Amino acid sequence: MSRVEESIDVDAPVRVVYDQWATFEDFPKFMDGVEEVTQLDERHAHWRTRIAGLSREFETEVVDRVPDERVAWRTTGRSVKHTGTVEFEPLGATRTRVRMAMDFQPTGLAEKAADRLGVLGIQVRGDLRRFKRFIEAPATGTGPGSGPEAG
């Protein structure tokens, strides 16, 4: 198993940040390589990804959810093996630290090579930066400056 841990501070209240992260269908808007996420029920989602030229489809299960604090998941199939946690820490009324930790089992030659090169860490850092831009942008409807008082 390999592990990746990254964090980023975003200029938005913890409730807004948590609610946006818990909207899995929006992940393709800020996660590079995530083509589609379909929420199957409250705990399960189907993912279609293409990362570093590798296409994958798999399902995840939310195994722990504490509103405004954390979401933890695991994959449920055999082809993709990973678990992860995203934690949300308020840094005041309008700022939140987002921490992501993922454990994954690379399979196949290409995934093992990508793992040795740190591709997942690079991917996670980029996804968190894109999430920051997404959540802070007025156009999303969730970031500061959005909503009726913005216009």
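Here's a quick rundown of the structure. (Residues numbered from 1 in each chain as written. Predicted model: local features only at pLDDT ≥ 70, side-chain atom pairs only at ≥ 80, totals over all residues. Heavy atoms only, no water.)

1. Comments concerning the packing of aromatic side chains
Next, step 1: For the structure on display, the rule yields 10 aromatic pairs.
Next, step 2: Centre to centre, the rings of phenylalanine 24 and phenylalanine 27 are 5.5 Å apart; their planes meet at 85°, and the pair counts as edge-to-face.
Next, step 3: Residue phenylalanine 24 is classed as buried on the basis of its relative accessible area, which comes to 8%.
Next, step 4: For phenylalanine 27, a relative accessible area of 3% gives the class buried. (Phe/Tyr/Trp six-rings, centres within 6.5 Å; stacked < 30°, edge-to-face > 60°. Buried < 20%, exposed > 50% of the residue type's maximum accessible area, 1.4 Å probe, protein only.)

2. A word on the pattern of salt bridges
Once the charged atoms of two side chains with opposite charge are near each other, the side chains can pair.
Next, step 1: Counted under the stated rule, the structure contains 18 salt bridges.
Next, step 2: Among the ionic pairs, aspartate 68 bridges to arginine 15, the shortest N-O distance being 2.9 Å. Remark: arginine 15 occurs in helix 1 (residues 14-21) and aspartate 68 occurs in the loop between strand 4 (54-66) and strand 5 (70-75); sequence separation between them is 53 residues.
Next, step 3: Look at arginine 15 and you get partly exposed, because its relative accessible area is 42%. (Salt bridge = Lys/Arg side-chain N within 4 Å of Asp/Glu carboxyl O. Helix = DSSP H or I, 4+ residues; strand = E, 2+ residues; numbered from the N terminus.)

3. A word on the sheet that holds strand 7 (residues 96-105)
Next, step 1: Spatially, 1-7-6-5-4-3-2 is the arrangement adopted by the seven strands of the open sheet, whose pairing is antiparallel. On the outer flanks of this sheet lie strand 1 (2-10) and strand 2 (34-39), each paired with one strand and no other. Pairs of neighbouring strands in the sheet enclose a mean axial angle of 20°, with direction left out of account.
Next, step 2: Relative to strand 5, strand 4 is paired through six bridges, and the arrangement is antiparallel. Bridge pairing in strand 5 places glutamate 61 opposite arginine 74. (Pairing = 2+ DSSP bridges. Axes fitted to C-alpha atoms, helices over the stretch in contact; angles between N-to-C directions.)

Shape is all these values report; function is a separate question.
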